[in-house]
Amino acid sequence: MSVRIASRLFTGYRKPLIHNSTFTILKYPGLIRTMASSVPATMKGVLIEKTGGVDVLEYKTDLPVPFPKEGEVLVKNDFIGINYIDTYFRTGLYPSPKPEILGREAEGTIVGIGTGNLHNLKVGDKVVWMGTAAYAEYSAAPASKTHVVPSALAPGVAAAALLQGLTALTLIRESYHVQKDDWVLVHAAAGGVGLCLCQLLKAVGAKTIGTASTAEKIELAKKNGASYMINYKEEKDLAAKVKEITGGEGVRVVFDSTGKDQFENDLEVVARKGTVVSYGNSSGAVPPLAIARLSAKNIKILRPTLFNYIFTREDFDSYTAELFDLVIKDKLNVRIHEVYDLKDIKRAHTDLEGRKTTGKLLLKP
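In this report, the structure presented in the accompanying data block is examined. Because the structure is a prediction, the values reported are computed rather than measured.

Parameters at a glance
Residues numbered from 1 in each chain as written. Predicted model: local features only at pLDDT ≥ 70, side-chain atom pairs only at ≥ 80, totals over all residues. Heavy atoms only, no water. Pairing = 2+ DSSP bridges. Helix = DSSP H or I, 4+ residues; strand = E, 2+ residues; numbered from the N terminus. Axes fitted to C-alpha atoms, helices over the stretch in contact; angles between N-to-C directions. Contact = heavy atoms within 4.5 Å. Salt bridge = Lys/Arg side-chain N within 4 Å of Asp/Glu carboxyl O. Buried < 20%, exposed > 50% of the residue type's maximum accessible area, 1.4 Å probe, protein only.

As a further point, take the sheet that holds strand β17 (residues 300–302). Pairing in this open sheet of 6 strands is parallel, and the strands run β14-β13-β12-β15-β16-β17 from one edge to the other. Edge positions in the open sheet fall to β14 (228–231) and β17, since each of these has one partner strand only. Averaged over neighbouring strand pairs, the angle between their axes works out to 15° when direction is ignored. Sheet topology places strand β16 (residues 270–278) next to β17; 3 bridges connect them, and they run parallel. By the bridge assignment, Thr275 is partnered in β17 with Lys300. The sheet contacts of helix α4 (residues 215–223) involve β13 (207–212) and β14, and relative to β14 the element is tilted by about 165°. Sheet contacts for helix α6 (residues 260–269): β12 (183–186), β15 (251–256), β16 and β17; angle to β16, the most-contacted strand, approximately 150°.

Rendered as structure tokens:
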């Protein structure tokens, strides 16, 4: 092996780098990290330095490539998932330190590894991961939330399926364990999570009522398993319509990603001893609630986050393996709305917030 001294990539090392055409070993006092030799010093990415509208999304070409710390792997991203939660961090609805690179998931190739427990991941693995700072060419991802992509999945599908698919799967298992013949109301049924919910609920044998805003979205949700659809922009009394469909029974569970706008309807249509699962805020945050209101029908209200359902490596692996198995066996169809260039991030966020999309939005660096 020919060895040379490398002086680029990262600063802070005190001993030379051992380098060949395939990998670089960075030697620190007591630490060793392996990096693919093709890793540059800078990268493209999207940075926000303050909260606000889409104008705060700054496309950069000279951001420093991150360095994998203990328990992390460095991934060269091929496809990056866009999720509505990204807009919450951008607008400040969810506080987070700035400056910040947004994004919670991506698919790509491991090009570097840190120290510690890496769960048998190695340089060269094709993976999908969940974490932070995904809107970039390279991301330092937590090994505990990184999963090898099955070879049977087409490029981009893992990134499109991961966060929204896991959200839907855990909602119907953990937030409320849906049973056959349960009446279920799904808001935003033609969105990324909504379409996954419709398919999974049909497989369970539930009776799904969905809401959407256009004829196109209503038809799409029906094709993906919704039994009934309601156009919430045209229906004057959504609660009355749900009660009509269910014969006055109401629904056993509501899965609501919209937040403020539909919350009062949710309380109205949920059946006695039913459950309202509020897992998003696309119309704004739900206002404070007097807990005594729940006693009228002995209902339950949850505000879950996916990460608490997949907190352990075992739970993450189990649910992710099941999700990809459903996709491979054609039991779950992952719809990709559009793959945007990373530099077009402002248009992607505008489309998402303008309710112009159906299914998953992806970025390509």
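Summed over the entire model, instances satisfying the criterion amount to 17 salt bridges. A salt bridge links Glu100 to Lys98; its shortest N-O distance comes to 3.0 Å. Classification of Lys98 as partly exposed rests on a relative accessible area of 25%. Notably, a salt bridge pairs Lys122 with Asp125, separated by 2.9 Å at the nearest N-O pair.

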